[in-house]
Each structure stands twice: as structure tokens, then as C-alpha cells.
Amino acid sequence: MAMFIGLDVGGTNLKGARMDESGEVLARLHEPVVREQPEDLLAQFERAVMTLRGDAQVLAVGIGLPGIVDHATARLRGVPNLPALAALRDLDLAAEVEARTGCATFVENDGNAAGLAEAWLGAGRGAESMVFLTLGTGVGGAVILRERLWTGRSGYAGELGHVQLDPAGEPCGCGSRGCLETVVGIAGWSRRVAEKIKTRSSRLTGQKIEPATIVAAAREGDEVSIEVVDETARALGQALGGLINTLNPERAVIGGGVAAAGAFLLDRVVRDTKKCCWPQAFEDCSFRLAELGADSGVVGAARVAMRGARGRLRA
Ligand SMILES: [Zn+2]
């Protein structure tokens, strides 16, 4: 069976896997990512591919990373929060890795890759169209239409974290204000808690403020925490409602670390989405939590390799 390598480049770790077409993982790799020197980062990619390949016949390599990939020009766009990667801006990374490893290589935004993984083996299985949101430090996403990833004219499609909710909101890393990410990204949760507990009592006072703690406190009835979860759900509902009206998708999937809040968050998101879109379009969309967890990045990157190899064979 044909084999593929997926590399998931994060702000802290590089994860890799060798997989076959059925989705079975045959080898894994997990190490701290080179953060500073671009040349060292490229060497790390090369080493990772060689290690995962071993003696196996690998058809292609896929790389998922926190940046925009312009497929029209094959260049990296956007400035990810990783100096070594930011320094590779405007580089054709796929061609570079391919030249070093001899393996056909394809690069994709990490949110898009995770969306492809869920569409293939996770919560998007069987759906012809899907909107996917991944909630973590940042908020990524993907749009799948007719079983294909929609990347748009220059790779910016699926950047769902940057849907603007409030023009007077917090400044966002993209240059805009009040984007979904500023509310539902991890920093957004913490900022809202910090603001509220200045004047109100909460069991969060003195605790490490992160989404898991906030959700746990909300489950126990802490009012400030419930309010923060409700605000998060409202923001997600507003964004999803707009996407549902725009695309009329069959499925909406929420993933990322924050999605570990489970049904406690999802039920609220569904309730609030219903208020923001056409009733029939809402009825026709099923809402799910992502199923692949932390594996979605590497699985998605391997899927990027499969799609790329298939496209190249066709061409
Ligand atoms: Zn933004």
C-alpha cells in the first residue's frame, strides 16, 4: 500500500507520522521544533523525513504549518509566530524540502490540514461539505466543499478565526480588530476572566486561568466562568451562523484544545448558531466535536501528501 509522511509544524513541537492510505500510522516522531534559525529548521524537516521514511517506499510528504500557503505561487504568506518559519516567508518550501529529500512535497496551512484530517477520518467523515473551526492559542479553520478543500484565490480561505465580530473590539494579529480569534482564542478567554474578576468574586481568583480551568469552574456553577463560556459560545455562534448562511454546509466541526470542553461548550454554540442563521440551513447542518484530537495535525499533513500526489499523477 502506498505510504505518505505528514509533518505538523507547531509553535513548540514538530510532530511527524508515516501513514498508509487506510490511515494506519506506521511510524511516529515528536520533538521540539527549531525556532530560531531557518537553515536549522529546513535541516530538521529533512532529518524528520529521512527518519520517518526509513527503508519504506514513500510516495509523498505533506507539511502542515501555521501560515498561509499561496497555492497559485507556492510561496508562504502570513507571518507565523515562529521566527525560523517567518524567515522562510516567500520561499517555495515544498520545492526546498523536495530538493533535500527527493520526496514529492506539498505544504498546507495547519488549520486546513486539520480540517482535511477530520473530513477523512474524523467528525467530518461522509459529509460532502464541512466548515471546521480549531480553537487554541489561535483560531484556525477549513472549508470543505464537494469533498475538496477550498483554499481560495491565494490561500486565505478558511481563516475563520479572522471573521470580524466587533469593529471596536480588541486588536488582532492580522491587523484588524475584534476578530473571532480575539474572543475565543486562549488569550481571549483569559483577558475576559481577568477583567471580570477585578470587581467580582469567582473561584478563578488566584488560579491559573486557562480554558480547561474556566470550563471546570463553569460546570461547578461559577458565575464568572459561565459568563465567559457563554460569551465564547455566542461569538462562535455568530461566526458559524454567517458561515452557514454563506455556504449551507452539511456539517460544522469544532476542534482544537478548547474543544475539550465538550458538549458543555458545543450545546451552547449550537443554541447560539440557531439564532444567527436561516432555520432550514441550521436544520440541515449537523454539529460535531472533532474526533482526532492532537493527531489531527499529522494526519492532516499526511492527507495533504496524498491529495498532492494524486493531483500530480493526474496532471
Ligand atoms: Zn484577525
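All of these numbers come straight from a predicted model, not from anything done at the bench.

1. Digging into the overall build of the chain
Per the secondary structure count, the chain includes 11 helices and 12 strands. Radius of gyration (C-alpha) of the chain: 20 Å, near the 20 Å computed for a compact globule of 315 residues. Taking the principal axes of the C-alpha coordinates as reference, the chain spans close to 60 × 45 × 35 Å. The proportion of buried residues among the 315 residues of the chain is 52%. Long-range pairs, those at least 24 residues apart, make up 62% of the contacts in the chain with a sequence separation of at least 6. Carbon together with sulfur atoms contributes 50% to the accessible area of the chain, which is approximately 14100 Å² in total. Charge-centre separation for the chain: the mean point of 35 positive side chains lies 2 Å from the mean point of 39 negative side chains.

2. Comments concerning the packing of helix α1 (residues 38-53) against helix α3 (residues 93-101)
Across the interface, α1 lies against α3 with an axial gap of 10 Å and an inter-helix angle of 55 degrees. It follows that α1 is oblique to α3 by the angle criterion. In this structure, the crossing between α1 and α3 has a hand that is right-handed. Of the residues in α3, those in contact with Glu39, Leu42, Ala43, Phe45, Glu46, Val49, Met50 and Arg53 of α1 are Leu93, Glu96, Val97, Arg100 and Thr101. For the contact of α1 with α3, the residue count by class is 7 nonpolar, 1 polar and 5 charged.

3. Quick look at the pairing of strand β4 (residues 58-65)
Counting buried residues along β4, 7 of its 8 residues qualify, which places the element largely inside the surrounding structure. For strand β1 (residues 3-9) and β4, the ladder comprises 6 bridges, and the chain directions are parallel. In the strand pairing of β4, Met3 is matched with Val58. The pairing of β4 with strand β7 (residues 104-109) spans 6 bridges and is classified as parallel. In the sheet register, Ala60 faces β7, and the bridge partner there is Ala104.

4. Observations regarding unusual backbone geometry
Unlike most non-glycine residues, Arg146 shows phi in positive territory, near 50 degrees. Its location among the elements puts Arg146 in the loop between β9 (139-145) and β10 (148-149). For Arg146, a relative accessible area of 71% corresponds to the exposed category. Positive phi outside glycine occurs at Glu147, with the angle close to 65 degrees. The residue Glu147 is located in the loop between β9 and β10 in this model.

5. Section: the packing of aromatic side chains
Going through the model one piece at a time under the given rule, you end up with 1 aromatic pair. Pairing Phe282 with Phe287 gives two aromatic rings, centres 5.5 Å apart and planes at 40 degrees, and the pair type is tilted. Across the pair, Phe287 and Phe282 agree in class, each one buried. Looking at Arg268, its charged tip hangs above the ring of Phe264, at a distance of 4.3 Å from the centre.

6. Description of the pairing of strand β11 (residues 251-255)
Counting buried residues along β11, 5 of its 5 residues qualify, which places the element largely inside the surrounding structure. Across the two faces of β11 the burial is the same, with Arg251, Val253 and Gly255 and Ala252 and Ile254 all buried. In the sheet, strand β8 (residues 130-135) pairs with β11 via 5 bridges, with the strands oriented parallel. When the sheet's bridge partners are listed, Met130 is paired in β11 with Arg251.

7. Thoughts on the side chain of Ser202
When you line up the elements, Ser202 lands in the loop between α6 (186-196) and α7 (211-219). A relative accessible area of 13% places Ser202 in the buried class. Of the polar contacts made by the side chain of Ser202, one reaches the backbone nitrogen of Leu204; its length is 2.9 Å. Apart from the residues within four sequence positions on either side, Ser202 is in contact with Ile197, Asp222 and Val224.

8. Focus on the coordination of the zinc ion
Those donors, His162 (ND1), Cys172 (SG), Cys174 (SG) and Cys179 (SG), are the protein atoms that reach the zinc ion, and they lie 2.0 to 2.3 Å from it. Seen from the zinc ion, its 4 donor atoms lie at angles of 101 to 125 degrees, and the figure they make is tetrahedral. Donor residues for the zinc ion sit on one chain with the sequence pattern H-x9-C-x1-C-x4-C. Taken together, the residues His162 in the loop between β10 and α5 (180-184) and Cys179 in the loop between β10 and α5 connect sequence positions 17 residues apart. For Cys179, a relative accessible area of 0% gives the class buried.

Definitions and limits used
- Residues numbered from 1 in each chain as written.
- Predicted model: local features only at pLDDT ≥ 70, side-chain atom pairs only at ≥ 80, totals over all residues.
- Heavy atoms only, no water.
- Helix = DSSP H or I, 4+ residues; strand = E, 2+ residues; numbered from the N terminus.
- Rg over C-alpha atoms; globule rule 2.2 N^0.38 Å.
- Buried < 20%, exposed > 50% of the residue type's maximum accessible area, 1.4 Å probe, protein only.
- Contact = heavy atoms within 4.5 Å.
- Areas by Shrake-Rupley, 256 points an atom, 1.4 Å probe, with all protein chains shown as cover.
- Lys, Arg positive; Asp, Glu negative; His and termini not counted.
- Charge placed at Lys NZ, Arg CZ, Asp CG, Glu CD.
- Axes fitted to C-alpha atoms, helices over the stretch in contact; angles between N-to-C directions.
- Parallel < 35°, antiparallel > 145°, perpendicular 65-115°, else oblique.
- Left-handed = near helix turned anticlockwise from the far one by under 90°.
- Nonpolar A, V, L, I, M, F, W, Y, C, P; charged D, E, K, R; others polar.
- Pairing = 2+ DSSP bridges.
- Phe/Tyr/Trp six-rings, centres within 6.5 Å; stacked < 30°, edge-to-face > 60°.
- Lys NZ or Arg CZ within 6 Å of the ring centre and 35° of its normal.
- Polar contact = N/O pair within 3.5 Å; in protein donor to acceptor, adjacent residues only side chain to side chain.
- Donors = N, O, S within 2.8 Å, 3.2 Å for Na, K, Ca; no water.
- Tetrahedral: all angles 85-135°; square planar, octahedral: opposite > 155°, others 65-115°.

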